[in-house]
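Listed below, chain by chain, are the residues.
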Amino acid sequence: MIGELFLRQLPAALETGIRSGQLGVYGSTIRNVANGQIAGFLQETSGLSKIANLVGNGPAWPLKLIGAGIQIVQNEQIKSGLSAVQQGIAVLNQLQIANLALGAAGIGVSVIGFAVMSKKIDGVREDVRALDGKLDRLLDEFARDRTEKLDEMLDRLLGLAERIDTRWSMSVDKAEIGWHRDADEADSLGNFFSGRARRLLEARPTAIKEATPLLDASAMASGLRVGALAQSGETKAAINVARDDAGRLERLTGDIGAADLARAWMAAPEWRTVPGSNAAGDALMLATTEARAIAMTLRCREAAAVTRAAPLIALEAKGIPARDWLSAAREEQDAPILLLES
Amino acid sequence: MVWRDEASLAAMALIHAASACAMQALDGGIDTIALSDAMTGSDAAIRDIVRPAMRAEVGTSADDWFKAYAWALRRIDSRLETLALSFVAVSSWPALPQNELTTVERWSEPAWLRGPIDTIGSTIERAATEISNRAVPNAVRERAEHVSARIAREIGERSGAHDRLRNAARNELSRVWLGPAPAENARRPYLTHLLDIVDRTARQAMEIIA
């Protein structure tokens, strides 16, 4: 029954709508751009892990997807035509959600399993390392915390993801009890990461680059919490938690726009240049480019959070248990995304 | 709101680009500034070169900017048409700074520096004028004028007088056009005015479409 509800590929009508710009992907929903009406819901699946394995590790690993897609097309066409993985990448690229799906925020409720979560957490660790101790110093200064502690908390997040994954093989009763406990731990971890991000941004509103690993980790914890609750049959609680977490994120980053970041950077001593010089023009271009990219990431993360439970609400209205939907998403090994038409 | 971001970033790019043009104009016309003025980094370079260049560049570009972002605003939602019209209305634009500098806009040279530099600049100019006023053949006079211009330029560069002019121009760009404005400055930089208009319009737009 559940298998008849979802699609593994993008229907032609939606694909045309997205290509023409009439439809747009907003978090885990496909919407009519003109009136906001939802045309479909998206949910990540275990099929993401095959794609994730193709593109390696590192902070920019989702960005390698398009390149990987091209490479696979070239290799596989020589061998045996379109593979399932290749089709999966094509779907992600059609929807322009490759970075979102493989990034920390994810698409829909987190069911991707330990392997992909491990890669995502590795990506966060890489981001922390890339800051070359800057986050460490800021946390010392404003949050009285250290990166080593952050590392421990990321380990706990990884352990939690593994436990949530393992419980699928248990009896329903045992799994439900465990998932309840897991939701509590995800809450505690989410509070840790978002609390540090809040204190950092309150002290330094423009330190968004430094806050990014914390925001990503917080988004992952939220995804795990919503997933654990939904899997344990607590759909309403999952929906409420997703809404509350989205509100918390919106309060943290919702007012940070590209222009705010570029203005603040240009005024900061380390960015200051001689007015009217070539260096000033170059600095403005760099600030604008970076600020746009960061603002886009912020908006994608917020969209993912605010729509995380959207498929669950739609399923509930159809009388379908959320766990069945998530179980199907978890069992799906080929398509990276399941689509539920509204 | 994407409109606010894009309009603000475009306003920043607009004023920065105009600033680059104004500095080029200054370098092109720096020899036309009297040496005594150059020595004191006086208002002449600002009044005669930098500010007219900025007014011309910004005047033209701001016109396009207001129209482009009024159109973009209207495109978001038809309910924003009146707001877009008000945004593009000339009456809502901040007035461009006049060429004549007000007291607060003047480059404030430290008093201890002004006396000797005024004297040196005036002496060199007086000497050049005396040579050219003497009853000498035209060819000699032309040669003398050419040499005196070269000397003035050399002195302008070597004495740091031209750098003083450039510094005065940068100070003008920073204080009057680009910002951030010092707290005690009576006049807010032009860019700040543009960004304020964007912020205000974006807030009103959000209220209308909320």
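Please read all numbers here as calculations on a predicted model, not as lab measurements.

J.: Is there a simple way to explain the overall build of chain B in this structure?
T.: Secondary structure assignment for chain B yields eight helices and zero strands. Across chain B, helices and strands are ordered from the amino to the carboxyl terminus as α-α-α-α-α-α-α-α. The buried share of chain B, reckoned over its 210 residues, is 35%. When contacts within chain B are restricted to residue pairs at least 6 apart in sequence, long-range pairs at least 24 apart make up 75% of them.

J.: Please explain the overall build of chain A as it appears in this structure.
T.: Broken down by element type, chain A carries 16 helices and five strands. Taken across its 342 residues, chain A has 48% of its residues classed as buried. Across chain A, the fraction of contacts at a sequence separation of at least 24, relative to all contacts at a separation of at least 6, is 74%.

J.: How should I be thinking about the pairing of strand β3 (residues 29–32) of chain A in this particular structure?
T.: Two faces belong to every sheet, and in a regular strand the side chains alternate between them. Residue and element names in this part refer to chain A. Inspection of the sheet shows strand β2 (residues 23–26) paired to β3 by four bridges, in the antiparallel sense. Within β3, the position partnered with Tyr26 by the bridge is Thr29. The hairpin turn running from β2 into β3, its antiparallel successor, is two residues long, and Gly27 in that turn takes a positive phi close to 60 degrees. Turn length for the β3-strand β4 (residues 38–44) hairpin, with the two strands adjacent in sequence and antiparallel, is five residues, and the turn residue Gly36 shows positive phi of about 80 degrees.

J.: Help me understand the packing of helix α12 (residues 235–253) of chain A against helix α15 (residues 310–317) of chain A in this model?
T.: A pair of packed helices is captured by two measures, namely the crossing angle of their axes and the spacing between those axes. Residues and elements named next belong to chain A. Between α12 and α15, whose axes approach to 9 Å, the crossing angle comes to 150 degrees. In terms of axis orientation, α12 runs roughly antiparallel to α15. Classified by chirality, the crossing of α15 by α12 is left-handed. Contact residues: Thr235, Ala238 and Ile239 in α12; Leu312, Ile313 and Glu316 in α15. Taken together, the residues of the contact of α12 with α15 break down into four nonpolar, one polar and one charged.

J.: What is the right way to look at the interface of chain A and chain B in this model?
T.: By a widespread convention, an interface's size corresponds to the accessible area lost as its parts come together. Facing the 13 residues of chain A at the interface are 16 residues of chain B. Here the side of chain A that touches chain B takes five residues from helix α14 (residues 278–307) of chain A, the largest share from any one element. Among the residues making up the side of chain A that touches chain B, the classes are represented as nine nonpolar, four polar and no charged.

J.: It is not clear to me how the environment of Leu338 of chain A should be interpreted in this structure. Could you clarify?
T.: All names here are of chain A. Checked against the element boundaries, Leu338 lands in strand β5 (residues 337–341). Sequence separation between Leu338 and Phe6 is 332 residues; the distance between their C-alpha atoms is 6.1 Å. Discounting residues that sit within four places of it in the chain, Leu338 has contacts with Phe6, Arg8, Gln43, Thr45, Ala328, Ala329 and Glu332.

J.: What exactly am I supposed to notice about the confidence of the model for chain B here?
T.: Detailed reading of the predicted coordinates is not advisable wherever pLDDT is low. Scored by pLDDT, chain B comes out at a mean of 78, with 65% of its residues at no less than 70. The ipTM for the predicted assembly is 0.72, set against a pTM of 0.77.

J.: How should the nonpolar core be read in this particular structure?
T.: One recurring pattern in soluble globular proteins: nonpolar side chains tend to sit buried together. Core analysis: the largest hydrophobic core is formed by 141 residues, its most contacted members being Ala238 of chain A together with Ala11 and Ile15 of chain B. Per element, the largest residue contribution to this core is 13 residues, and it comes from helix α11 (residues 208–231) of chain A.

J.: I keep staring at the environment of Trp177 of chain B and nothing clicks. Help me out?
T.: Turning to its location among the elements, Trp177 of chain B is positioned in helix α7 (residues 161–178). A sequence separation of 105 residues divides Trp177 of chain B from Ala72 of chain B, and the C-alpha atoms of the two residues are 25 Å apart.

J.: Sorry if this is basic, but what is going on with helix α8 (residues 190–209) of chain B here?
T.: Along an α-helix, residues three or four apart share an orientation, since each turn contains 3.6 residues. Residues and elements named next belong to chain B. With 20 residues, α8 should reach 28 Å at 1.5 Å per residue; the first-to-last C-alpha distance of 29 Å fits that figure. Every buried residue belonging to α8 is among Tyr190, Leu191, Leu194, Leu195, Val198, Thr201, Ala202 and Ala205, and all of these are buried. Looking straight down α8, one finds its buried side chains confined to an arc of 135 degrees; they lie on one side. Of the exposed residues in α8, the ones pointing more than 90 degrees away from its buried face are Asp196, Arg200, Arg203 and Glu207.

J.: Help me understand the packing of helix α13 (residues 258–267) of chain A against helix α1 (residues 2–29) of chain B in this model?
T.: Orientation of α13 of chain A relative to α1 of chain B, taken along the N-to-C sense of each, is 30 degrees, at an axis distance of 7 Å. In this view, α13 of chain A runs roughly parallel relative to α1 of chain B, as classed from their interaxial angle. The segment α13 of chain A lies against α1 of chain B, with Ala258, Ala259 and Ala262 of chain A engaging Arg4, Asp5, Ser8, Leu9 and Met12 of chain B. Of the residues belonging to the contact of α13 of chain A with α1 of chain B, the class tally is five nonpolar, one polar and two charged.

J.: Would you explain the sheet that holds β4 of chain A in this entry?
T.: In any sheet, the strands associate via hydrogen bonds between backbone groups, in a parallel or an antiparallel arrangement. Residues and elements named next belong to chain A. Across the sheet, which stays open at both edges, the five strands sit in the order β1-β5-β4-β3-β2 with antiparallel pairing between neighbours. Where the open sheet ends on each side, the last strands, each with one partner, are β1 (6–7) and β2. When β4 meets β5, the two strands line up antiparallel, connected through five bridges. From the neighbouring strand, Gln43 faces β5, where its bridge partner is Leu338. Across the sheet, α15 is in contact with β3, β4 and β5; its angle to β4 comes to roughly 115 degrees. In this fold helix α16 (residues 322–331) packs onto β1, β4 and β5, with an angle of close to 60 degrees to the strand it touches most, β4.

J.: Would you mind showing me how to read the confidence of the model for chain A here?
T.: On average, residues of chain A score 83 in pLDDT, and 88% of them are at 70 or above. Within the model, pLDDT remains below 50 along residues 76–81 of chain A, and this stretch shows four contacts once partners closer than five positions in the same chain are excluded.

How each quantity is defined
Residues numbered from 1 in each chain as written. Chains lettered and ligands numbered in written order. Predicted model: local features only at pLDDT ≥ 70, side-chain atom pairs only at ≥ 80, totals over all residues. Helix = DSSP H or I, 4+ residues; strand = E, 2+ residues; numbered from the N terminus. Buried ≥ 20, exposed ≤ 12 C-beta atoms within 10 Å, placed from the backbone. Contact = placed C-beta atoms within 7 Å. Pairing = 2+ DSSP bridges. Axes fitted to C-alpha atoms, helices over the stretch in contact; angles between N-to-C directions. Parallel < 35°, antiparallel > 145°, perpendicular 65-115°, else oblique. Left-handed = near helix turned anticlockwise from the far one by under 90°. Nonpolar A, V, L, I, M, F, W, Y, C, P; charged D, E, K, R; others polar. pLDDT = per-residue confidence, 0-100. Core = buried A, V, L, I, M, F, W, Y, C linked by C-beta atoms within 7 Å. Expected span 1.5 Å × (residues − 1). Arc of directions from axis to C-beta.

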